Structure formats: C-alpha cells, structure tokens
Amino acid sequence: MPAVPVTTAVPVTPEKPASISRAGGRRSFPLVGTGLVLLPLSVALAVTVGAAGLSVGDVFQSVAAHLGLPVGSPSPLLDAIVWELRLPRVLLATLVGGGLAVCGAVLQALTRNPLADPYLLGISSGASTGAVAVLILGLGSGAAAALTTGAFAGSLAAFCCVLALIGAAPGGSLRVVLAGVAVSQLFSALTSLIVIWAGDAQSTRGVTFWLLGSLASASWSTAALCAAATGTGLALCWAASPALDAFAFGREAAASLGFAPGRTQLVLLVTTALSTAVLVAASGAIGFVGLVVPHAVRFLAGGRHRVLLPACALYGAIFLLWADTAARTLFSPREVPVGVLTALIGVPAFAVIMRGRSAGS
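Let me sum up the structure you'll find in this document. Bear in mind that the values here come from a model prediction, so they are computed numbers and not experimental data. (Residues numbered from 1 in each chain as written. Predicted model: local features only at pLDDT ≥ 70, side-chain atom pairs only at ≥ 80, totals over all residues. Heavy atoms only, no water.)

## Some remarks on the overall build of the protein
Part 1 of the argument: Secondary structure assignment for the protein yields 14 helices and zero strands.
Part 2 of the argument: Its helices and strands taken in sequence order, the protein reads α-α-α-α-α-α-α-α-α-α-α-α-α-α from the N to the C terminus.
Part 3 of the argument: Counting over 361 residues, the protein shows a buried share of 51%.
Part 4 of the argument: Of the contacts formed within the protein by residues at least 6 apart in sequence, a portion of 79% connects residues at least 24 apart.
Part 5 of the argument: In the structure as shown, the protein presents an accessible area of about 15600 Å², 70% of it carried by carbon and sulfur atoms. (Helix = DSSP H or I, 4+ residues; strand = E, 2+ residues; numbered from the N terminus. Buried < 20%, exposed > 50% of the residue type's maximum accessible area, 1.4 Å probe, protein only. Contact = heavy atoms within 4.5 Å. Areas by Shrake-Rupley, 256 points an atom, 1.4 Å probe, with all protein chains shown as cover.)

Below you can see the structure in the form of structure tokens.
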C-alpha cells in the first residue's frame, strides 16, 4: 500500500465534548448491537455462497457434526467444502477485517492523522519484503508456512527500524509518521530490488497476487493465530480507551489528565504493529479497511473509543467478509485479489466520508 502522506496533525474526533457524549451514547450502542446480529448472519450466509451451492442447513449440519452434536453425518464432499475450504476462509476474513479496522482507529487517534492506517509503521512493506524473499529467493522452499513466517519476520524487521528511528519514547505524532514513511519506502525498494534481480515471470505473478491481498490460503491454524492477534489487540486497545480519548486532543491534554503519553503511545504502537504483522502475514496487504471503516464508524458512533473500537471490529469484519465473498465469486472461475475490491470500494467511500466531514465542519 502507498506510504501515508504526512499531514498536519488534526483531531480525528469531534471537537465538542458534548457531541462526543451524545454520539457515544444514544446512537452508538444500537450500532454495536446491530453489528453483533449482522456478523453471525453474514458468516452463515457467506459460507453458502460459491460455485457449489449450499444451504444454511448444509452448513449447520457440517458444523454441528464436527462439534459432536446429534445430527446426521454430512456427505464427505459437502463437509470438505464447508469445513476445510469456506468456513476457515470466512472466519479469517472476519478476523483480518476486524483487526485492521481496530488498528486503524487506534493509530488515527495516536497520531491525530486522519490518513493513518495499520500500514503507517511500514508493516506492509516489511511483510512484502519477507514474502518476496520466500517466493523468489526460495527460502523455505516457498511453502505456505514459510511464506507466513517470512512475512511476519519482515514486518517485525520494519517495525524495529521504526522504533530505532523514533527512539524508546516517541516524541510526537509527526516523528512517528515520518519514521513510518521512511521505513516503508526502504522496504518497498528492497522488494523491488529482489523482484528485478532474481524474479521470473511466474514468481513475479505470484508476488503481485500476494501483494494485492488474498485469503485463498486460509486454514484453521491461520485463523486461530489471527484470532489470538485480533482478540489480544482489541482487548489491550479497549483497555486504553480513556487514554485514546485524551490523545484525540493532544499529548498535553493526555498528560494533564494523568496519562503518560510516551509510555502509552509506545505500548499501543507495539500492540498495533504486532497485530498488523500477524494479519498481513496471513492475508497479504489489504488496503483501505483500516482507513475507511474507522471513519465510517466514527461518523455513526461518535469518538468515544470504548464504543468505537468494538464497533470497528464488528463492521471491519463484515466489510472484509463480503468483499472477499465478492472477490471469489463475482468473476468466477477467476478469483480477484480481495485488496483490489477493497480499494475499488474504499476510495469512493472515503471520498463520500470526507465530503460529509467537510460539509459538517
């Protein structure tokens, strides 16, 4: 994904505390409740969509059989489609989408930059370099596990470079953004160098598909790893909701309210970086989820992070779930990388949100 432009730090939440309280109270909780209903329904319906038509009853029979419930045994073919192919992919889409949306909301508050997203810290570029090293240089024989490991190692390497640039205690939002842009450009250049130096037509095509984001290699083990990353990241960030509310009005405001800005910022940066590294290693670089979803949810739910973060997790999951379902079905028998569809949907949606913000200001 392209490097995040450096912009003047501006609050990403409404300026008037009264409007925050009103949006966070009367309107926000129904939004979360609606998401809790829509998400399981979306999962059940998405599993039925595909080349092999299934019903919700078929899905229930397969899942119930694996859970040991007293139901008839499904046919081996139906069970393989549901349990081995579609269900892990659908769950992975929800976990990646929810995790990216939460990380985006946190980074927008920490940096006070409305253009911040989960790839602000060079995570995507580092993961791309690690994945390309596996695919093109043959490290780990190109196995799926080696690809994920390489992407995760590259993500951590990029984040370590960012930490080295900003120091142990980040001094300000602009410094973090500049460090992320510089590291992102560095690893993007390394990726291009590897492709040009050692790549051929076939490997370059595989690299391009991965860089655009894909959930085709989903498995239960990958979904479990992403569940741990998303769940842990959401819990830690949600616990820091009061600090994030204070950060929306600047580091000085956070300090005056009793928070330690440097330590809080460092802990949350590490949390979002590690979560994003795991998610990108599993799915590739899927853009606009962590940028558009937080803005859309903030517009509807207000700026209180205690409500904003769970809502982002729910609607980020729903958004990526249906984007991936469309990516694997609309152009059948071909499959489009899901990152292409999220960009096609995300750019117009972001334009509409920005026009709404401009009209309301």
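## Things to note about the pattern of salt bridges
Part 1 of the argument: Counted by the stated rule, this structure contains two salt bridges.
Part 2 of the argument: Here Arg-89 makes a salt bridge to Asp-324, at a shortest N to O gap of 2.9 Å. With Arg-89 in helix H3 (residues 76-111) and Asp-324 in helix H13 (residues 305-329), this pair connects stretches of sequence that are 235 residues apart. In terms of burial, Arg-89 and Asp-324 fall into one category: buried.
Part 3 of the argument: One salt bridge connects Glu-335 with Arg-89, and the closest N-O pair in it is separated by 2.7 Å. Highlighted residues: Glu-335 in the loop between H13 and helix H14 (338-360) and Arg-89 in helix H3, separated in sequence by 246 residues.
Part 4 of the argument: A relative accessible area of 10% means that Arg-89 is categorised as buried.
Part 5 of the argument: Overlapping salt bridges bring together Arg-89, Asp-324 and Glu-335 as one network. (Salt bridge = Lys/Arg side-chain N within 4 Å of Asp/Glu carboxyl O.)

## Quick look at empty space enclosed by the protein
Part 1 of the argument: Overall, the coordinates contain two cavities of 30 Å³ or more when judged by the stated rule.
Part 2 of the argument: Its volume calculated, the largest cavity comes out at about 60 Å³.
Part 3 of the argument: Around the largest cavity, the lining residues are Gly-98, Gly-99, Val-102, Cys-103, Ala-229, Thr-230, Gly-233, Leu-234, Cys-237, Thr-271, Thr-272 and Ser-275.
Part 4 of the argument: Across the lining of the largest cavity, the residue classes break down as five nonpolar, seven polar and no charged. (1 Å grid on protein atoms, 1.4 Å probe; cavity = no way out; pocket = protein on both sides within 12 Å on 5 of 7 lines; lining within 4 Å. Points joined across faces, edges and corners; volume = space filled by probe spheres on them. Nonpolar A, V, L, I, M, F, W, Y, C, P; charged D, E, K, R; others polar.)

## Topic: the packing of aromatic side chains
Part 1 of the argument: The final tally for this structure, using the stated rule, is one aromatic pair.
Part 2 of the argument: Seen from their ring centres, Trp-83 and Trp-220 are 4.7 Å apart, and the 35 degrees between their planes marks the pair as tilted. Separated by 137 residues along the polypeptide, Trp-83 in helix H3 and Trp-220 in helix H8 (residues 220-239) bring together distant segments of the chain.
Part 3 of the argument: The class for Trp-220 is partly exposed, based on a relative accessible area of 31%. (Phe/Tyr/Trp six-rings, centres within 6.5 Å; stacked < 30°, edge-to-face > 60°.)

## Observations concerning helix H2 (residues 56-66)
Part 1 of the argument: Among the residues making up H2, those that are buried are Val-59, Ser-62 and Ala-64.
Part 2 of the argument: Count one or two residues on from H2 and you reach Gly-68, which has phi positive near 80 degrees.

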